[in-house]
Amino acid sequence: MEGIQHRIIKVNGVNLHVAEKGHGPVILFLHGFPEVWYSWRHQIVALASLGYRAVAPDLRGYGDSDAPQSPSSYTCLDIVGDLIGLLDAIAADQDKVFVVGHDWGALIAWYLCLFRPDRVKALVNLSVVFNPRNPKKRPLSVMRAVYGHDYYICRFQEAGVIEAELAQIGAKRFLKEFLSYRVPGPIFLPKDKWFGKEEASDSPTGLPFWLSEEDINYYVTKFDKTGFTGGINYYRNIDRNWELVAPWTGTQIKVPVKFIVGDLDLTYNSFHTKDYIHKGGFKRDVPFLQEVVIMEGVGHFINEERPDEINKHIYEFFNKF
């Protein structure tokens, strides 16, 4: 795709597939679920043309990267360890790099900035705000209490169960449903009625305007090969991550940050996110937060839905440094 190069780099005991293009300061792009490097295709091409070296790995468990079998291999320390090894391998001449994250990639970017702020020049994060650790509340207990057991993150917890259901539904239908989701609220996946539809429904979801059949087929090809277990294992470490980051309780994120979210994004409309953003909590925990952008009429997959605007936001912010 338009001169994007691909290679495999062994870091932290795993092989990571990396897509990259351009020369200059590195921008590390971190994808979410259920995606791969390809979700950054628009950003890679645009930022490379503007004088940056755009680097987008398939995170462990995804695409053409290794997918360790054990759920315990997908903690925040494992993933950040992969990224530090990757930066050592591809950007040894740059003490710090720019980072852009979305969805789980945004969470990993927050962890990267928490653990190794010395490696991050500036961050643009999409969709998912920083989630400061509350030492009194385990995250999954809170989610179950607020949303119940059919909340998608809760449904993802038991190994093998959701995978068996996904095998019946098929990768293509699941990806279409997930990527097309635009309800400004939580996703519920009750058994036999995913996304509010019967499993045997003959009415497949149409694709949103920003996603072509070619795009969806690329994703399907990758997830048909790997399955969804690697990506789902990130969710299975939410409580374990809460345990592991105990030493960083109360630590602020101290890198320059720009945050962008769509007003139809399920994350923006979940828990107390709006209050956290607009009533001072976000700025308290991320003191170098320089700008928050709320994009109207935009859903969760913001970098694919509004690529030109997101590219402009990234370039304008990183061009300051």
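Values in this document were obtained by computation on a predicted structure and should not be read as measured data.

Participant: I would appreciate a short explanation of the UniProt feature "domain: AB hydrolase-1" (unreviewed entry) in the protein chain in the present structure.
Facilitator: With numbering matched to this structure, UniProt assigns "domain: AB hydrolase-1" (unreviewed entry) to residues 25–132. Secondary structure across residues 25–132 divides into 33% helix and 21% strand, with the first and last C-alpha atoms of the span separated by 30 Å.

Participant: Whenever I open this one, unusual backbone geometry confuses me. Can you help?
Facilitator: In most cases, non-glycine residues show a negative phi, while peptide bonds are predominantly trans. For the bond from Phe33 to Pro34, the omega torsion is -5 degrees, close enough to zero to count as cis. The phi torsion at Asp103 lies on the positive side, around 60 degrees, for a residue other than glycine. With respect to the helices, strands and loops of the structure, Asp103 is situated in the loop between β5 (97–102) and α3 (104–115). The exposure class of Asp103 is buried, given its relative accessible area of 8%. One non-glycine residue, Ser127, lies in the positive phi region at around 80 degrees. What makes Ser127 buried here is its relative accessible area of 1%.

Participant: Is there a simple way to explain the sheet that holds strand β1 (residues 5–11) in this structure?
Facilitator: Pairing between the strands of a sheet comes from backbone hydrogen bonds, and it takes one of two forms, parallel or antiparallel. Taken in spatial order, the 8 strands line up as β1-β2-β4-β3-β5-β6-β7-β8 in an open sheet, and their pairing is mixed. If you trace the sheet from one side to the other, it starts and ends with β1 and β8 (289–295), each paired once. When strand polarity is set aside, the average angle formed by the axes of neighbouring strands in this sheet is 20 degrees. Relative to strand β4 (residues 53–57), strand β2 (residues 14–21) runs antiparallel, the two being bridged by 4 bridges.

Participant: What is the right way to read the layout of surface pockets from this model?
Facilitator: Remark: the empty space left among the atoms is shown by a probe the size of a water molecule rolled over them. Each pocket or cavity is described by its volume, and for the largest pocket that value is around 1,500 Å³. Residue assignment for the lining of the largest pocket shows that the elements contributing at least two residues are α3, α4 (139–147), α5 (152–155), α10 (238–244), α11 (273–278) and α12 (281–285). Element by element, the count of residues in the lining of the largest pocket is highest for α3, at 5 residues. Here the lining of the largest pocket is built from residues that sort into 27 nonpolar, 14 polar and 6 charged.

Participant: Which parts of the structure should I look at to understand the environment of Val245?
Facilitator: Examined against the element boundaries, Val245 turns out to sit in the loop between α10 and β7 (257–262). For the pair Val245 and Leu77, spaced 168 residues apart in sequence, the C-alpha separation works out to 9.0 Å. Contacts of Val245, omitting those with residues within four sequence positions, involve Cys76, Tyr111, Phe115 and Arg133.

Participant: Would you mind going over the side chain of Ser65 with me for this structure?
Facilitator: Inspection of the secondary structure puts Ser65 in the loop between β4 and α2 (76–90). Residue Ser65 is classed as buried on the basis of its relative accessible area, which comes to 7%. A polar side-chain atom of Ser65 sits 2.6 Å from the main-chain carbonyl oxygen of Asp58.

Participant: Any chance you could explain the pattern of salt bridges here in plain terms?
Facilitator: Two side chains bearing opposite charge may form a pair once their charged atoms approach each other closely. Per the stated rule, a full pass over the model turns up 23 salt bridges. With a closest N to O distance of 2.9 Å, Lys222 and Asp64 form a salt bridge. Placement of Lys222 in helix α8 (residues 213–226) and of Asp64 in the loop between β4 and α2 is noted, with a sequence separation of 158 residues between them. Between Arg182 and Glu305 there is a salt bridge, with the nearest N and O atoms lying 2.9 Å from each other. With Arg182 in the loop between α7 (171–180) and α8 and Glu305 in helix α13 (residues 302–305), this pair connects stretches of sequence that are 123 residues apart. On the basis of relative accessibility, which here comes to 34%, the residue Arg182 falls in the partly exposed class. You can call Glu305 buried: its relative accessible area is 5%.

Participant: In this structure, what is going on with the pairing of β1? I would like to understand it.
Facilitator: A regular strand carries its side chains on alternate faces of the sheet. Pairing between β1 and β2: 7 bridges, direction antiparallel. Opposite His6, over in β2, you have Ala19 as the bridge partner. In this structure, the hairpin formed by β1 and β2 is closed by a connection of 2 residues, where Asn12 is found at a positive phi of approximately 50 degrees.

Reading the values: the criteria
- Residues numbered from 1 in each chain as written.
- Predicted model: local features only at pLDDT ≥ 70, side-chain atom pairs only at ≥ 80, totals over all residues.
- Heavy atoms only, no water.
- UniProt positions renumbered as here; feature names shortened; annotations may be inferred.
- Helix = DSSP H or I, 4+ residues; strand = E, 2+ residues; numbered from the N terminus.
- Buried < 20%, exposed > 50% of the residue type's maximum accessible area, 1.4 Å probe, protein only.
- Pairing = 2+ DSSP bridges.
- Axes fitted to C-alpha atoms, helices over the stretch in contact; angles between N-to-C directions.
- 1 Å grid on protein atoms, 1.4 Å probe; cavity = no way out; pocket = protein on both sides within 12 Å on 5 of 7 lines; lining within 4 Å.
- Points joined across faces, edges and corners; volume = space filled by probe spheres on them.
- Nonpolar A, V, L, I, M, F, W, Y, C, P; charged D, E, K, R; others polar.
- Contact = heavy atoms within 4.5 Å.
- Polar contact = N/O pair within 3.5 Å; in protein donor to acceptor, adjacent residues only side chain to side chain.
- Salt bridge = Lys/Arg side-chain N within 4 Å of Asp/Glu carboxyl O.

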